[in-house]
Amino acid sequence: MAVLVAGYGWLGFIVDGAFGAAVGCAAGLILCALLYLLVESAVSGKAPRGGRRD
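Residues numbered from 1 in each chain as written. Predicted model: local features only at pLDDT ≥ 70, side-chain atom pairs only at ≥ 80, totals over all residues. Heavy atoms only, no water.

Chemist: Just checking my understanding: could you explain the overall build of the protein for this structure?
Modeler: If you tally the helices and strands in the protein, you get one helix and zero strands. Here the protein holds 54 residues, and the buried ones make up 15% of them. Counting every atom, the protein has about 4500 Å² of accessible surface; 72% of that belongs to carbon and sulfur. (Helix = DSSP H or I, 4+ residues; strand = E, 2+ residues; numbered from the N terminus. Buried < 20%, exposed > 50% of the residue type's maximum accessible area, 1.4 Å probe, protein only. Areas by Shrake-Rupley, 256 points an atom, 1.4 Å probe, with all protein chains shown as cover.)

Rendered as structure tokens:
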């Protein structure tokens, strides 16, 4: 997680300085959270919302 956030922060810093770094870090954190939720739902075997499991 730290590598992904740092990578996005570094890329944002290269593009737009300190503000870009802050936006890049935020984007990295959001992406990590989304990936966690996606993997957690895939591993747990729960059906997606609204879906039926026969």
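Chemist: For this particular structure, what's the right way to read helix α1 (residues 2-44)?
Modeler: An α-helix turns once per 3.6 residues; consequently, residues spaced three or four apart project the same way. Under the 1.5 Å per step criterion, the end-to-end length of α1 is only 24 Å for 43 residues, more than 12% shorter than the ideal 63 Å. The largest bend along α1 reaches roughly 150° and is located at Asp16. Buried within α1 we find Val5, Gly9, Gly12, Gly20, Ala21, Gly24, Gly28 and Cys32. Count one or two residues on from α1 and you reach Gly45, which has phi positive near 80°. (Expected span 1.5 Å × (residues − 1). Bend = angle between axes of the 7 residues up to and from the residue.)

Chemist: What should I look at first to understand a nonpolar patch on the surface in this one?
Modeler: Judged by side-chain polarity, Leu4, Tyr8, Leu31, Leu35 and Leu38 come together as a nonpolar surface patch covering roughly 410 Å² of accessible area. Inspection of the secondary structure assignment puts Leu4 in helix α1. (Patch = residues over 30% accessible without salt bridge, like charges linked within 9 Å, V, L, I, M, F, W, Y side chains within 5 Å. Salt bridge = Lys/Arg side-chain N within 4 Å of Asp/Glu carboxyl O.)

Chemist: So what exactly am I meant to see when it comes to the environment of Ala26 here?
Modeler: Counting through the fold element by element, Ala26 comes out in helix α1. Sequence-wise, Ala26 and Gly9 are 17 residues apart; in three dimensions their C-alpha atoms are separated by 8.1 Å.

By themselves these figures say nothing about function.
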